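Understanding the architecture of this molecule
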Amino acid sequence: MFFRIVTGMTRPQKRAAFISLDALVILFAFGMSVLLTAHGRIGMVEAAPVALVLATSGAILGWLLGLTRMKLDAFEMRGPGRTAAYAAALGLLGYAIAPRALPALPVGAHVHFTLLVLVLSVGWRIALRYAIRQVYLHGADSIRVLIYGAGATGQQLVAALRHHDAIRPVAFIDDNPTLQSQMIAGLRVHAASSIPKLVAEKRISRVVLAMPSMSQPAMARIRLQLRNIGCEAHALPSFAALVGEGALRAEAEPVCIQKLLGRNRLEKELPGVIDAYAGRRILISGAGGSIGAELCRQLAACGPECVVLVDHSELALYTIHKELSDLAPEVTVVPLLQSVLNERTMLRAMLAHRVDVVLHAAAYKHLPLVEDNVIAGLENNVFGTKALADAARQAGVDRFILVSSDKAVRPTNVMGASKRLAELVVQDLASRRSGTRFAMVRFGNVLGSSGSVIPLFEEQIGRGGPVTLTDPKVTRYFMTISEAARLVLLTGSFARGGDVFVLDMGAPVPIRKIAEQMIEGAGYTVRTDDTPEGDIEIRVTGLRRGEKLHEELLISSDMLTTPHPKILRAQEMCLSEFEVANALRDLRQAIDALDEDAARAVIAKWVESADASRVAKQSV
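Presented here is a report on the structure given in the accompanying data block.

Rules and cut-offs
- Residues numbered from 1 in each chain as written.
- Predicted model: local features only at pLDDT ≥ 70, side-chain atom pairs only at ≥ 80, totals over all residues.
- Heavy atoms only, no water.
- Salt bridge = Lys/Arg side-chain N within 4 Å of Asp/Glu carboxyl O.
- Helix = DSSP H or I, 4+ residues; strand = E, 2+ residues; numbered from the N terminus.
- Buried < 20%, exposed > 50% of the residue type's maximum accessible area, 1.4 Å probe, protein only.
- Pairing = 2+ DSSP bridges.
- Contact = heavy atoms within 4.5 Å.
- Axes fitted to C-alpha atoms, helices over the stretch in contact; angles between N-to-C directions.
- Expected span 1.5 Å × (residues − 1).
- Left-handed = near helix turned anticlockwise from the far one by under 90°.
- Nonpolar A, V, L, I, M, F, W, Y, C, P; charged D, E, K, R; others polar.

1. Digging into the pattern of salt bridges
- Counted according to the given criterion, the structure contains 21 salt bridges.
- Notably, a salt bridge pairs Arg 588 with Glu 379, separated by 3.1 Å at the nearest N-O pair. Taken together, the positions of Arg 588 in helix α21 (residues 577-592) and Glu 379 in helix α16 (residues 374-395) put the pair 209 residues apart, joining distant regions of the chain.
- For Glu 537, the salt bridge identified is with Arg 539, shortest N-O distance 3.2 Å.
- Exposure remark for Arg 539: the relative accessible area of 40% places this residue in the partly exposed category.
- Each of Arg 280, Asp 356, Asp 398, Arg 399 and Arg 437 takes part in salt bridges that share partners, so that together they form one network.

In structure tokens, the structure reads:
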């Protein structure tokens, strides 16, 4: 009720209330001064005219001095001085008119009157301010906050928040044990270990980190801990830094992509592909993934007649369909929410849309997930490729390009083995007579793709570390998403049948070096045994199951040239049609029986790997 009354009053109504309260104070103060000093010689009826004159004058004087127009929140800063002037002026006015109207009134009565007006005028405003603040805090959904840091910034924040109607500072948190249990700025200081208890008991909804001198990684770690107990966390820079006294943290510069790659980017060196795809009808599987989406974007610039987008993720398909429709409104874009395992649907789509080129980027590629889901990984990556390739062959598609991985070379994990089996399926189809040219392209790690090490490191750095590294010696080949997409598109124009294309990606890059560059590029320092004061630690976790220390791009060293010096064609042995049929039959039986051990045995038998026997024996 009180909340509705307070919030429902208009500004003129509030001013009228202030004038009335000031008038009551003047009448009461004058009456009390008469009673205290006249000793019964002057009655209240006799004093009434003077009191009314003083009350009327007080209303006018209060308006002129701005007291009745001043917000209660601002009174503590400017009000007491003006109230003193207001009380003194009324005392002098009373002293001037009293000798004629009340000759028996002693001079001391005017002193009492002035002091009472000052004390009571200041008092009712402070009391009313506190009462109204309590009404606001209890009548509305106030935000109750803890201030982490009881230093100057924290104290300044509390002073500022006390003027806010909907935010209530409840207590301080500080790691300094000498401050804990003390009262600072009217709030008790608690240890950080008390936060869960305070959050539960005091209904805390937010914690403000008022420690601008703390390093960003340390602050990020505190934020993560607070989020884990269900509290929002916000960081506050120092007030001095906000106005330029001391610099705000410099914005970190992004890490140079050439440093991450270990070489120059090749997008500008790779030839254009517009002529190869202009006016063509193209189907892209895995269109919503990192590589598939970039293929769509680059194809949009080539002016194809139609692009069929295939993905089994509704959100991913919706996102790329909307983006491509906005990017190339003149191109016919067909979204197909399907799995590549459905050969009949794939064949129907290729025939219905007269597809010329198939770019097969759909695959399960996250090594640990496929290692823990052997049956699903092998079925999708091997039989999905076979279903789509068979459909392309039946539909008379001109070119079929498989997006493969460097993990397919002598694999030590199920994901790499599934990609190598997919290559063998495509190589087998390429060896048969048909109007479709089949080819493959092998990538290294693609910077920025989903599941790659770069987004993982960015997330870990954002949390304040540690950055996890499987082994300090691990190396990988890297390429950008745009390089990968351009390589796929160029492969289509170079393909003659059964080719395995790779990009000259220079030397492999140590992952530890990338981690250090990303930490330093974010403006932090690496914490080591030699530099314990560093911001972010690089923690070695050990190689994951099936993970290689060093990746390879080629099974054999025989390389053939292509029309471009940076793109090479591998010359590798492949299985016969009979061997591929036997391998697929054995794998199909293992998948249908949900027998992971049998599936690993197929890998050990048919995939060329020095570690194949170890892969087969690994437990899931």
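Structure's up, so let's keep going.
2. Brief notes about the sheet that holds strand β2 (residues 167-173)
- Pairing is mixed in the open sheet, where six strands are placed in the order β3-β4-β2-β1-β5-β6. Strands at the two margins of the open sheet, each flanked by one partner only, are β3 (183-184) and β6 (232-235).
- Bridging between β2 and strand β4 (residues 187-190) involves two bridges; their strand directions are parallel. Bridge assignment links Ile 173 to a residue of β4, and that residue is His 190.
- In the packing of helix α6 (residues 152-161) onto the sheet, contacts are made with β1 (143-148), β2, β3, β4 and β5 (206-209), and the angle to β2 comes to roughly 160°.

3. Quick notes on helix α13 (residues 314-327)
- If you check α13, its first and last C-alpha atoms are 20 Å apart, about what 14 residues at 1.5 Å a residue would give, namely 20 Å.
- Packed against the buried residues of α13 are α12 (290-300), β8 (306-311) and β9 (332-337).

4. With respect to the packing of helix α14 (residues 343-352) against α16
- Running from amino to carboxyl end, α14 crosses α16 at an angle of 35°, the nearest separation of the two axes being 9 Å. α16 is crossed by α14, and the crossing has right-handed handedness. Where α14 approaches α16, its residues Glu 343, Met 346, Leu 347, Met 350 and Leu 351 are matched on the opposing element by Ala 387, Leu 388, Asp 390, Ala 391, Ala 392, Gln 394 and Ala 395.
- Grouping the constituent residues of the contact of α14 with α16 by class yields nine nonpolar, one polar and two charged.

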